[in-house]
Amino acid sequence: IQDVLSMLELTDHAHKPVYKLSGGQRKRVSIAVELLTEPAIIYLDEPTSGLDPNLEEKMMILLRDLTLRGKTVVTVTHTLDNIHLADKVTFLVDGKLAFFGSDDQAREFFKVDKLPEVYKRFEERRANTDSLKEDFKASEVYKQNIESQLSPEAAAGGQKPPSRGKRIGPGPFKQFWVLTQRYVEIITRDVKNTAILLVQAPLVALFVVLAVRSDQAALGPTSTMFLIMSLSSLWFGCSNAARELTKEEAIYARERMVNMRVIPYVLSKFFVLQFLALMQVSMMLTIVYFLRSGFSLSEPPGPCVQYGIKACGLLILDGVPGSFLEHLGNLYLTALNGIGLGLFVSAIAGNSDKAMSLVPLILIPQVLFSGSFGIPKADEHIKRGVGYAMALNWSLDQSKRISMCTPEQEEGPEGCMKCIHAYDSFKHKRLKKEDQPDDARCKALIPVMSSLVDFPETLSVVEDGLYTLPSQHDDGPPRRAHKSYLGFAVQGAMVFVLLIFVCIFVRLKDRQNR
């Protein structure tokens, strides 16, 4: 890049936006973009159009300098004042070859003192342009510059063109680092767009705080809060990444010509976007964690007191129940899945508008099969199978398991104020007293739980969870309602698979465009 800037005298303007450059400088930037690929031949269409005579002369001198550096420059132009700088001149009239040779030969052939006067000759013979072609074919200039090059003797004595060798460029790690630095610079320069992306997170968090705030136990939608936060995290990642590949297709195609690799390119996008997503989910979770208010029962309900049942599961807890760091890790992995989905959409879409129109088609199934509308039954294989493929399903399930109390926390005096009593312990723990059978106690508990528990679907979701295997314990049958971190592993694996698919489809589109 530095060599090209120096060659085109653009070093002093390296850090200026293109829109601040003059017309001549913009022309040189266009040439510089092509020179980055180190082409052997450069084709230019009207590179001097719109330039004043001084800039036009400088541009022609620049093109001449490129030929002295071993480049072949082919340019189309209607300005002939500095055409003497070219080695050969070709005149086409209505698509017919009227001349090919040097500048001096052209003046002699057309019998003009200045080459721009040749346009008068063309205008005089506009009615019969075929005669221009025939006159040139009958001239000595044609025999010297064309016929001699097409003779069998010249063809036989010619050498085979050298085979094209493999391009040598920086390795994948160097490419990844350079592409990452460039992408960071692009994002940081676009202050308005970056600010809009970052403001989304606190706004969503405030909406969550307002939406799930309640003074009545029956109206405390804790599980809805988890759904909104997980869905928002997925949306952050997906919307951030959905246009990042399509908007750079032209740049990508040019850089692929100089041995840019697909994997470093995709990973550079993912690496930068994951930091942006981490900031978004951190702000959202922090605001909800510290601002959301809950509701506590002043005393256990009558049926609970009668049967010795704790009221831990009958609380709407402040903030976000469970470990802050575990929730942050879960939402971060959800956002990474969103980035993977967004890059996948960007890889298969034709342009940025199409990419954004595909985002709802990606997110709506995530919500429908997240388990928020009921856990599939054991015989609903298709619905259950689709649920396995949804990152939001795993994220929501993991959020609830992070919020659950462990058996040790349930026994502690403050345990019920920090986590959710997610299951009815009488279904899983053998009672020591013979005069208190399990069935009677569970029946007495049902009316209370249905009207007061803040986690209405937790019992069914966790008890009949899609993913967690039953845990073994000494007191009673195996328990599904227990701490599990399988969701972390599954979401991480999903991110890896999505990145593989992104690279595959980017490569397929690359081959198709070629």
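Residues numbered from 1 in each chain as written. Predicted model: local features only at pLDDT ≥ 70, side-chain atom pairs only at ≥ 80, totals over all residues. Heavy atoms only, no water.

**Some remarks on the overall build of the chain**
Within the chain, the regular secondary structure consists of 22 helices and four strands. Here the chain holds 514 residues, and the buried ones make up 44% of them. Within the chain, counting contacts between residues at least 6 apart in sequence, those at least 24 apart form 73% of the total. Just so you have it, the chain exposes about 28,400 Å², and 59% of that area is on carbon and sulfur atoms. (Helix = DSSP H or I, 4+ residues; strand = E, 2+ residues; numbered from the N terminus. Buried < 20%, exposed > 50% of the residue type's maximum accessible area, 1.4 Å probe, protein only. Contact = heavy atoms within 4.5 Å. Areas by Shrake-Rupley, 256 points an atom, 1.4 Å probe, with all protein chains shown as cover.)

**Points about the pairing of strand β2 (residues 72–76)**
Direction of pairing for strand β1 (residues 41–45) relative to β2: parallel, over a ladder of five bridges. Opposite Ile41, over in β2, you have Thr72 as the bridge partner. Running through helix α3 (residues 53–68), the crossover from β1 to the neighbouring parallel element β2 is right-handed. (Pairing = 2+ DSSP bridges. Right-handed = clockwise from strand over helix to strand, strands pointing away.)

**Topic: the nonpolar core**
The biggest cluster of nonpolar side chains holds 59 residues, and the ones touching the most others in it are Met229, Val266, Met284, Val288, Ile339, Leu343 and Val506. Broken down by secondary-structure element, the contributors of at least two residues to this core are α9 (172–189), α10 (191–211), α11 (222–241), α13 (262–291), α15 (324–348), α16 (352–368), α18 (391–403) and α22 (486–513). By residue number, the principal contributor to this core is α13, which donates 12 residues. Counting residues in hydrophobic clusters, the runner-up holds 18 residues, among them Phe91, Ala98, Phe99 and Ile146. (Core = buried A, V, L, I, M, F, W, Y, C linked by side-chain atoms within 4.5 Å.)

**Section: helix α7 (residues 140–150)**
Within α7, the full set of buried residues consists of Val141, Tyr142, Asn145 and Ile146. Take α7 and look down its axis: the buried residues cluster within an arc of 105°, on one side only. Among the structural elements, β4 (96–101), α4 (103–110) and α6 (129–137) are those in contact with the buried residues of α7. (Arc of directions from axis to C-beta.)

**Notes on the pattern of salt bridges**
Per the counting criterion, the structure on display carries 11 salt bridges. Notably, a salt bridge pairs Arg64 with Asp87, separated by 2.7 Å at the nearest N-O pair. Highlighted residues: Arg64 in helix α3 and Asp87 in the loop between β2 and β3 (89–93), separated in sequence by 23 residues. Relative accessible area serves as the criterion here: at 26%, Arg64 is assigned to the partly exposed category. Put simply, Asp103, Asp104 and Arg107 are held in one network by salt bridges that share partners. (Salt bridge = Lys/Arg side-chain N within 4 Å of Asp/Glu carboxyl O.)

**Let's talk about the environment of Met260**
With respect to the element layout, Met260 can be found in the loop between α12 (249–256) and α13. On the basis of relative accessibility, which here comes to 6%, the residue Met260 falls in the buried class. Met260 sits 90 residues away from Pro170 along the chain, and the two C-alpha atoms are 8.5 Å apart. Ignoring sequence-local partners within four residues, the contact set of Met260 consists of Gln175, Leu179, Tyr252, Glu255 and Tyr265.

**Some thoughts on the packing of α15 against α18**
Where α15 contacts α18, the two axes come as close as 10 Å, and the packing angle between them is 180°. In terms of orientation, α15 lies roughly antiparallel with respect to α18. Of the residues in α18, those in contact with Glu326, His327, Asn330, Thr334 and Asn337 of α15 are Ala391, Ser395, Gln398, Ser399, Ile402 and Ser403. (Axes fitted to C-alpha atoms, helices over the stretch in contact; angles between N-to-C directions. Parallel < 35°, antiparallel > 145°, perpendicular 65-115°, else oblique.)

**So, the pairing of β4**
Judged from the five bridges that link them, β3 and β4 form a sheet pairing that is antiparallel. Considered in β4, the bridge of Val89 is made with Gly101. Counting the residues between successive antiparallel strands, the hairpin from β3 to β4 contains two residues, one of them, Asp94, with a positive phi of roughly 55°.

**Focus on α12**
Within α12 the residues assigned to the buried category are Tyr252, Glu255 and Arg256. Each buried residue of α12 sits inside an arc of 105° when the element is viewed along its axis, so together they form one side.

**As for the packing of aromatic side chains**
Enumeration over the complete set of coordinates arrives at 18 aromatic pairs. On the numbers, 5.5 Å between centres and 35° between planes, the contact of Phe99 with Phe109 is tilted. With Phe99 in strand β4 and Phe109 in helix α4, this residue pair connects regions lying 10 residues apart in the sequence. With a relative accessible area of 0%, Phe99 lands in the buried category. Taking the relative accessible area as the measure of exposure, Phe109 reaches 22% and is therefore partly exposed. Residues Tyr289 and Phe324 carry aromatic rings whose centres are separated by 5.1 Å and whose planes lie at 85° to one another, so their mutual orientation is edge-to-face. Placement of Tyr289 in helix α13 and of Phe324 in helix α15 is noted, with a sequence separation of 35 residues between them. The exposure class of Phe324 is partly exposed, given its relative accessible area of 23%. Over the ring of Tyr183 we find Lys269; its NZ or CZ atom is 4.0 Å from the centre of that ring. (Phe/Tyr/Trp six-rings, centres within 6.5 Å; stacked < 30°, edge-to-face > 60°. Lys NZ or Arg CZ within 6 Å of the ring centre and 35° of its normal.)

**What to know about a nonpolar patch on the surface**
The grouping of Ile348, Phe496, Val497, Ile500, Phe501, Ile504, Phe505 and Leu508 at the surface amounts to a nonpolar patch, some 700 Å² of accessible area in total. With seven residues, the single largest contributor to the nonpolar patch is α22. Take Phe496: it is sitting in helix α22. (Patch = residues over 30% accessible without salt bridge, like charges linked within 9 Å, V, L, I, M, F, W, Y side chains within 5 Å.)

**Examining the confidence of the model for the chain**
When pLDDT is averaged along the chain, the result is 76; 72% of the residues meet or exceed 70. Taken element by element, the predicted model of the chain shows its lowest mean pLDDT in helix α21 (residues 458–463) (40) and its highest in α15 (93). The low-confidence segment residues 311–316 (pLDDT under 50) makes 27 contacts with residues lying over four places distant or belonging to another chain. Here residues 448–469 is a poorly scored stretch, pLDDT under 50, and it has 73 contacts once near neighbours within four places are set aside; other chains count. (pLDDT = per-residue confidence, 0-100.)

**Concerning unusual backbone geometry**
Although it is not a glycine, Asp94 adopts a positive phi angle of roughly 55°. Within the element layout of this structure, Asp94 appears in the loop between β3 and β4. Backbone geometry at Lys111 places phi at a positive 60°, although glycine is not the residue there. Counting through the fold element by element, Lys111 comes out in the loop between α4 and α5 (118–124).

**What about the environment of Leu51?**
The topology assignment puts Leu51 in the loop between β1 and α3. The class of Leu51 is buried, set by a relative accessible area of 16%. For the pair Leu51 and Gly23, spaced 28 residues apart in sequence, the C-alpha to C-alpha distance is 7.1 Å. Not counting residues up to four positions away in its chain, the partners in contact with Leu51 are Gly23, Gly24, Lys27, Glu56 and Met59.

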